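# Structural overview
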Amino acid sequence: MGVVTAAVGVAMIVYPAATAALSTVFLGWCLVVAGVAQGILAISSETPGNFFLKLLLGIVYVGAGLALAVFPPLGVLTLTALIGWMLVLEGVLQAVLAFALEAGKGRGWLLASALTSLAVGVLILVQWPASSVWVIGTLLGAALLTNGITRIAVSVTVRHEVREAERLLHAA
């Protein structure tokens with residue numbers, strides 16, 4: 001499973017535009033399903049106010065989902081900008097949290113993470129909309145590649161530990 005996950009991650013990195021488009025369409029249809037579920041949930045509301053709020057939320061989900069699914073290029077642009085702003089905000093908040101910690105209590109790691117998030121977010125936003133071509137596919141691909149490599153490393157470690165335990169059991 002780790003090899004397949006890593007291979008899919010590499011393919012996503014190699015074809016970032018296709019990955020971004022497919023991911024956007026998938027997310028869109030997930031929002032449509034969530035919106036329909038929200039609309040069905042609205043029926044069980046105890047008050048008319050709750051019914052209409054839940055129904056409105058369902059309509060927003062369906063509308064946003066259809067927009068992403070039917071117009072993937074616009075969805076990719078929008079999602080890329082959101083990712084950029086999310087990373088900038090994450091970087092700022094992590095920096096604030098880092099300075100709230102006592103020196104030496106993980107502050108350095110938190111600051112490094114904050115600066116990395118901030119730098120990547122700014123890089124995405126400065127190059128936007130051109131960055132839309134590579135951001136989603138590359139980030140998802142890198143995540144899957146890392147996940148696959150981690151699965152491989154963990155399975156090798158577990159396999160080694162099991163063999164060592166079996167060796168000790170047979171030696172006893």
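Quick summary incoming for the structure in this document. This structure is a prediction, so every number in the text was calculated from the model and none was measured. (Residues numbered from 1 in each chain as written. Predicted model: local features only at pLDDT ≥ 70, side-chain atom pairs only at ≥ 80, totals over all residues. Heavy atoms only, no water.)

### Some remarks on the packing of helix α2 (residues 16–42) against helix α4 (residues 72–100)
Where α2 contacts α4, the axes come no closer than 9 Å and their chain directions differ by 95°. By the criterion of interaxial angle, the relationship of α2 to α4 is roughly perpendicular. Contact residues: Ala-20, Ala-21, Thr-24, Val-25 and Leu-27 in α2; Pro-72, Gly-75, Val-76 and Leu-79 in α4. Of the residues that constitute the contact of α2 with α4, the class distribution is 7 nonpolar, 2 polar and no charged. (Axes fitted to C-alpha atoms, helices over the stretch in contact; angles between N-to-C directions. Helix = DSSP H or I, 4+ residues; strand = E, 2+ residues; numbered from the N terminus. Parallel < 35°, antiparallel > 145°, perpendicular 65-115°, else oblique. Contact = heavy atoms within 4.5 Å. Nonpolar A, V, L, I, M, F, W, Y, C, P; charged D, E, K, R; others polar.)

### A word on helix α6 (residues 135–171)
Counted at 1.5 Å a residue, the expected span for α6 with its 37 residues is 54 Å, and the 53 Å between its end C-alpha atoms agrees. Considered for burial, the residues of α6 that qualify are Val-135, Ile-136, Gly-137, Gly-141 and Gly-148. Check the buried side of α6 and you find it contacts α1 (2–14), α2, α4 and α5 (107–126). (Expected span 1.5 Å × (residues − 1). Buried < 20%, exposed > 50% of the residue type's maximum accessible area, 1.4 Å probe, protein only.)

### Quick word on the environment of Leu-145
With respect to the helices, strands and loops of the structure, Leu-145 is situated in helix α6. Sequence spacing of Leu-145 and Val-3 is 142 residues, and the spatial spacing of their C-alpha atoms is 9.0 Å. The residues contacting Leu-145, other than those within four sequence positions of it, are Thr-5, Ala-6, Gly-9, Val-10 and Ile-13.

### Some words on the pattern of salt bridges
Inspection of every chain in the model, using the stated rule, returns 1 salt bridge. For Glu-164, the salt bridge goes to Arg-167, with nearest N and O atoms at 2.5 Å. With Glu-164 and Arg-167 both in helix α6 and 3 residues apart, the pair spans about one turn of that helix. The exposure class assigned to Arg-167 is partly exposed, which follows from its relative accessible area of 48%. (Salt bridge = Lys/Arg side-chain N within 4 Å of Asp/Glu carboxyl O.)

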